Amino acid sequence: MNLISLSPVDLSLAALLVLALAGFSWWLRLGMERRLLVAALRTTVQLLLIGVILKALFEHVQLAWVTLTALVMLAIAGREVMARQQRRFAGWRGYGLGVFAMFVSAFAVALLALLVIIGNRPWYQPQYAIPLLGMLLGNTMNGIALGLDRLTTGAWQQRAVIETRLMLGQTANEAIADMRWEAMRVGMIPIVNAMAAAGVVSLPGMMTGQILAGAAPFEAVKYQILIMFLITAGTGFGTMVAVWRGASDLFDERERLRLERLVGGKS
Amino acid sequence: MSIVGLSTHTVEAINLELAAGECVCLAGPSGAGKTQLLRAIADLDPHHGEVMLDGRSARNFSAHEWRRAVGLLPAESQWWMDRIGDHFSRIDEAQWRALGFSADTADWQVSRCSTGERQRLALLRLLANAPRVLLLDEPTASLDPVSVVRVEQLIADYRQQQQAAVLWVSHDAAQRARVAVRELSIEGGRLREAA
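Residues numbered from 1 in each chain as written. Chains lettered and ligands numbered in written order. Predicted model: local features only at pLDDT ≥ 70, side-chain atom pairs only at ≥ 80, totals over all residues. Heavy atoms only, no water.

> Could you give an account of the packing of helix 4 (residues 91-118) of chain A against helix 5 (residues 126-157) of chain A, with specific residues and numbers?
Residues and elements named next belong to chain A. For the pair helix 4 and helix 5, the least separation of the axes is 9 Å and the interaxial angle reads 145°. Note that helix 4 runs across helix 5; the crossing there is right-handed. Where helix 4 approaches helix 5, its residues Leu97, Gly98, Ala101, Met102, Ser105, Ala106, Phe107, Val109, Ala110, Ala113, Leu114 and Ile118 are matched on the opposing element by Tyr128, Ala129, Leu132, Leu133, Leu136, Leu137, Thr140, Met141, Ile144 and Leu148. Here the contact of helix 4 with helix 5 is composed, by residue class, of 19 nonpolar, three polar and no charged. (Axes fitted to C-alpha atoms, helices over the stretch in contact; angles between N-to-C directions. Helix = DSSP H or I, 4+ residues; strand = E, 2+ residues; numbered from the N terminus. Left-handed = near helix turned anticlockwise from the far one by under 90°. Contact = heavy atoms within 4.5 Å. Nonpolar A, V, L, I, M, F, W, Y, C, P; charged D, E, K, R; others polar.)

Quick look at the structure:
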C-alpha cells in the first residue's frame with residue numbers, strides 16, 4: 001500500500017473550506033449555513049463511527065456481526081427514504097415500503113455479488129460485504145425515494161383525475177397506471193445518467209478510492225463496472241418494487257383512492 | 001336501486017329508493033353533503049350501510065363493475081389525454097349529435113375545449129359505459145341555456161330508453177321542477193322529502 005496518510009491538519013484545511021462556504025451562505029442570506037454545518041458534523045461523526053465499527057468487524061470476522069451491521073444500515077436507509085419524501089405513507093406502511101423494497105433489491109443484489117461473483121472466503125468478508133452493501137443501499141435509497149416521492153406527489157396533485165377514471169369504471173390499476181409509469185422512470189433516470197457519464201465526466205468514487213490506495217487502474221475499472229451494474233439492477237428493481245407496492249397501497253380493497261394514508265405536505 | 005342506512009362522516013343514515021326510470025332531484029345548501037352522498041353511493045368513499053342494485057348488494061360487485069353500473073358525473077370534468085376521443089370506450093353518434101357534437105369532435109384537443117364543452121363531453125363519456133344508475137352532480141352548471149335544454153333532453157331520453165335511475169343534484173329550482181319525478185333536499189347531513 002502506498003496510501004499517503006492524512007493528518008488532522010490536512011482534514012482541518014478541508015473543513016475550513018466548508019466553514020468559508022457557511023460564512024458566504026450567511027452573508028448572502030441563503031439560510032443554508034446551519035444545515036451545512038450540521039450535515040458536515042454528521043458526516044464527520046458518522047464516518048468516524050463506521051470507521052470504528054469496520055475496524056472491529058475486520059478484527060472479528062463473524063457472520064452474526066456482519067449481519068447486524070447490515071440490518072442497522074438497512075433500517076437507517078429506510079428512515080432516510082421516508083425523510084426524503086414530501087408526502088409519504090404514514091407509519092409502518094411507509095417505513096415498511098422502503099425497507100421492503102431495499103431488502104429485495106439492495107440486499108439480494110449484494111448477496112448475489114458476494115456469493116456468486118466475488119466468491120470470497122468466507123463470503124461475508126466484511127471488507128467486501130459492508131462497502132458493497134453500503135454503495136448499493138445508498139443508490140437504491142435515492143431511486144426509491146425519488147420514485148415514491150413522484151408517485152405520492154402525483155397522486156396528490158392529480159387526485160381528481162384518478163377519481164374520475166375510477167368513476168368511469170377503470171380498475172385502480174388502470175387509474176394509477178400513468179403515474180406509476182412516470183414514477184418508475186423518475187426513480188431510474190439518475191442511475192442511467194450516472195452510467196452514461198461514468199469515466200467521461202465523473203470518475204466514480206469507488207474507483208477513485210481504489211486508485212488512490214494504489215490499485216492498478218484496470219482492476220479498479222473492473223470493480224467499478226461491476227458495481228455500476230449491480231447498482232443499476234438494485235436501483236431499478238428496488239424502484240419498481242417500491243412504486244408498484246406504493247401505487248397499490250394508495251387504494252383500499254374497494255379500489256378507493258385513500259390519500260389520507262399519506263402524511264406531510266408543503267411546509 | 002335502494003340505499004339503506006348509508007352514513008359517512010358528513011351524511012347520516014340515508015334511506016332512499018330509486019326506481020328504474022325514475023329521476024330524483026337533490027337540493028340543499030353548499031356543504032350539506034350532496035356530493036359526499038353521491039360519492040358514497042358510487043363507493044368512492046368509505047361508508048356504512050348498504051347500497052343495492054336490483055336486490056344485489058354493492059359488496060357483491062367488484063368495485064369497478066359497480067362504478068360502471070352506477071355512474072357518477074362529478075361537477076368538474078377531468079381529462080388526462082390530449083385527444084378527446086382517447087377518453088371514450090365507444091362513441092354513440094346519435095348521443096353526440098344530440099349535444100351538438102359530431103364524430104369529428106373525437107379528434108379535438110382537450111386543451112382547446114371550453115369548460116362547457118368539456119362538461120357535455122364528460123356526460124357523453126359516462127353514458128358510453130351504459131350505466132344503470134346516473135349520479136349527476138350539477139351537470140349543467142357551466143352551460144349556456146341552449147345546451148342546458150339539450151342535456152336535459154338527452155338525459156330524459158337515456159332514462160326512458162335504458163330504464164335508468166337518475167339522482168340529480170341541482171341548485172336550480174326551475175330545473176328541478178322540469179326534470180324531477182320527486183324532489184329531495186339534504187340539510188345537516190339528513191335527507192328529507194321536499195314539499
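> Talk me through a nonpolar patch on the surface; I want residue IDs and the actual numbers.
All names here are of chain A. Together, Val9, Leu13, Leu16, Val18, Leu19 and Leu37 make up an exposed nonpolar region whose accessible area comes to about 530 Å². The element best represented in the nonpolar patch is helix 1 (residues 8-27), accounting for five residues. Along the polypeptide, Leu19 turns up in helix 1. Among the residues examined, Leu19 registers a relative accessible area of 48% and is labelled partly exposed. (Patch = residues over 30% accessible without salt bridge, like charges linked within 9 Å, V, L, I, M, F, W, Y side chains within 5 Å. Areas by Shrake-Rupley, 256 points an atom, 1.4 Å probe, with all protein chains shown as cover. Salt bridge = Lys/Arg side-chain N within 4 Å of Asp/Glu carboxyl O. Buried < 20%, exposed > 50% of the residue type's maximum accessible area, 1.4 Å probe, protein only.)

> Any chance you could break down the layout of surface pockets for me, citing the residues and the numbers?
Residues and elements named next belong to chain A. Roughly 2,300 Å³ of internal volume is contained in the largest pocket. The wall of the largest pocket is formed by 50 residues, among which Gln46, Leu47, Ile50, Gly51 and Leu54 lie closest to the centre. Of the residues forming the lining of the largest pocket, the biggest block, 15 residues, is contributed by helix 2 (residues 33-59). Both domains that meet at the lining of the largest pocket, namely domain 1 (7-59) and domain 2 (61-260), each give it at least three residues. (1 Å grid on protein atoms, 1.4 Å probe; cavity = no way out; pocket = protein on both sides within 12 Å on 5 of 7 lines; lining within 4 Å. Points joined across faces, edges and corners; volume = space filled by probe spheres on them. Domains from an automatic or database assignment.)

> Go over the sheet that holds strand 7 (residues 133-137) of chain B with me, naming the residues and quoting the values.
Residue and element names in this part refer to chain B. In spatial order, the strands read 6-7-8-3-9-10; together these six strands make up an open sheet with mixed pairing. Each of the sheet's edge strands pairs with one partner strand only, and the pair in question is strand 6 (70-73) and strand 10 (190-193). Ignoring strand direction, the axes of neighbouring strands in this sheet form an average angle of 20°. Sheet topology note: the strand 3 (residues 23-27)/strand 9 (residues 182-187) ladder contains four bridges and is parallel. Residue pairing for strand 9: Ala27 is matched across the bridge by Ser185. On the sheet, helix 1 (residues 34-41) packs against strand 3, strand 6, strand 7, strand 8 (165-169) and strand 9 and is oriented at approximately 155° with respect to strand 7. Helix-sheet contacts for helix 4 (residues 115-127) involve strand 6 and strand 7, and the interaxial angle to strand 6 is about 170°. (Pairing = 2+ DSSP bridges.)

> Quick rundown of the sheet that holds strand 1 (residues 2-7) of chain B? Include the residues and the values.
In sheet architecture, strand pairing relies on hydrogen bonds along the backbone and comes in two forms, parallel and antiparallel. Residues and elements named next belong to chain B. Sheet architecture is open: four strands sit in the order 2-1-4-5, paired in antiparallel fashion. Each edge of the open sheet carries a strand with a single partner, namely strand 2 (14-17) and strand 5 (56-57). Bridge analysis of strand 1 against strand 4 (residues 48-53) gives four bridges, and the strand direction is antiparallel. The residue bridging Ser7 from the neighbouring strand is His48, located in strand 4. The sheet strands contacting helix 1 are strand 1, strand 2 and strand 4, and the helix crosses strand 1 at an angle near 115°.

> Describe the packing of aromatic side chains, naming the residues involved and giving the relevant values.
Residues and elements named next belong to chain A. Counted according to the given criterion, the structure contains eight aromatic pairs over all chains. Ring centres 5.5 Å apart and planes at 90° place the aromatic pair Trp123 and Tyr124 in the edge-to-face group. Its relative accessible area of 29% is what places Trp123 among the partly exposed residues. Sitting over the face of the ring of Trp244, Arg180 holds its NZ or CZ atom 4.1 Å from the ring centroid. (Phe/Tyr/Trp six-rings, centres within 6.5 Å; stacked < 30°, edge-to-face > 60°. Lys NZ or Arg CZ within 6 Å of the ring centre and 35° of its normal.)

> Any details on the packing of helix 3 (residues 63-83) of chain A against helix 4 of chain A? Residues and values, ideally.
Residue and element names in this part refer to chain A. Look at helix 3 against helix 4: their axes get within 9 Å of each other, and the N-to-C directions meet at 125°. Between helix 3 and helix 4, the angle falls in the class oblique. Between helix 3 and helix 4 lies a crossing of right-handed hand. Seen from helix 3, the contacting residues are Ala70, Leu71, Leu74, Ala75, Ala77, Gly78, Arg79, Val81 and Met82; seen from helix 4, they are Gly91, Gly94, Tyr95, Gly98, Val99, Met102, Phe103 and Phe107. In terms of residue class, the contact of helix 3 with helix 4 is made up of 12 nonpolar, four polar and one charged. (Parallel < 35°, antiparallel > 145°, perpendicular 65-115°, else oblique.)

> Run through empty space enclosed by the protein, naming residues and quoting values.
A full pass over the atoms with the stated rule returns one cavity of 30 Å³ or more. Of the volumes computed, that of the largest cavity is approximately 40 Å³. Taken together, A:Thr164, A:Met167, A:Leu168, B:Leu72, B:Leu73, B:Pro74, B:Ala122, B:Arg125 and B:Leu126 form the lining of the largest cavity. In terms of residue count, helix 4 of chain B provides more of the lining of the largest cavity than any other element does, three residues in total. Its residues assigned to classes, the lining of the largest cavity shows seven nonpolar, one polar and one charged.

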